Amino acid sequence: MANIPDLVKQANGFSEFNPMQESVLKTDWQTKNLVVASPTASGKTIVAELTGLESILNKGKKAMYTGPLRALAHEHYNDLKKKYSETQKIKFAVSTGDMDSSSKYLANFDFIFCTNEKLDSLLIHRADWLKQIGVLIIDEIHELDSDRGPTLEMVITKLRMLNPKIQIIALSATIPNADELAVWLNAELIE
């Protein structure tokens, strides 16, 4: 079993986690659903790294990151790929295209980055490999309260039905009803 916190500290070049990240590490972050409501630039991406790597390296499952913007998916894809593809032999993919398909080729990757709409398309096309996802990391979960919210809500609901044991990590800087969201996701709230 890989020591994921040590791996993440080493890859990021820091000696300790910040207080918010320490709060996450005090939970059962390896298995529990989490809602992390913390300001911009507070290190929420490190939570995505921790849980994604835990799923891939220690559970042998895929990790999926989804968010509202292509640019965000590409940014996190590039960052994590640079840190872990060589050292940990993790295969990263980003899929944010408009093409409506099951994207079968994604079955060959460990950590997949996409937009909420692309994940919706994958679910509509019943991509078999979605059952292999151990953790779904949802960035900007506050988008539930936007015009794109219904799509995100359906994606989360469908994926939980398809894969009942999936771990959900919801991240946001600006979520007003974090406690209600934590109840809906059966998650621990970290503020």
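Predicted model only: the values in this text are computed from it and were never measured.

What follows concerns the pairing of strand β6 (residues 167-172). In summary, the side chains of a regular strand alternate between the two faces of the sheet. With six of six residues buried, β6 lies mostly within the body of the structure. Burial of β6 is two-sided: the residues Gln167, Ile169 and Leu171 facing one way and the residues Ile168, Ala170 and Ser172 facing the other way are all buried. Here four bridges tie strand β1 (residues 33-37) to β6, and the two strands are oriented parallel to one another. Bridge pairing links Val36 to Leu171 in β6. Each parallel crossover has a hand, and the one from strand β5 (residues 133-138) via helix α6 (residues 149-162) to β6 is right-handed.

As enumerated under the stated definition, the model contains six salt bridges in all. Across the pair Asp6 and Lys9 runs a salt bridge, and its minimum N-O distance is 4.0 Å. Within this pair, Asp6 and its partner Lys9 are both found in helix α1 (residues 4-12), separated by three residues, close to a single helical turn. Here Asp6 falls in the partly exposed class, since its relative accessible area comes to 41%. Where Glu49 meets Lys83, a salt bridge forms, and the shortest distance between an N and an O atom there is 2.6 Å. Of this pair, Glu49 sits in helix α3 (residues 44-58) while Lys83 sits in helix α4 (residues 70-88); the two residues are 34 residues apart in sequence, bridging distant segments of the chain. When its relative accessible area of 0% is taken as the criterion, Glu49 is described as buried. It is possible to trace a salt-bridge network through shared partners that takes in Glu49, Asp79 and Lys83.

Each value, and the rule that gives it
Residues numbered from 1 in each chain as written. Predicted model: local features only at pLDDT ≥ 70, side-chain atom pairs only at ≥ 80, totals over all residues. Heavy atoms only, no water. Buried < 20%, exposed > 50% of the residue type's maximum accessible area, 1.4 Å probe, protein only. Helix = DSSP H or I, 4+ residues; strand = E, 2+ residues; numbered from the N terminus. Pairing = 2+ DSSP bridges. Right-handed = clockwise from strand over helix to strand, strands pointing away. Salt bridge = Lys/Arg side-chain N within 4 Å of Asp/Glu carboxyl O.

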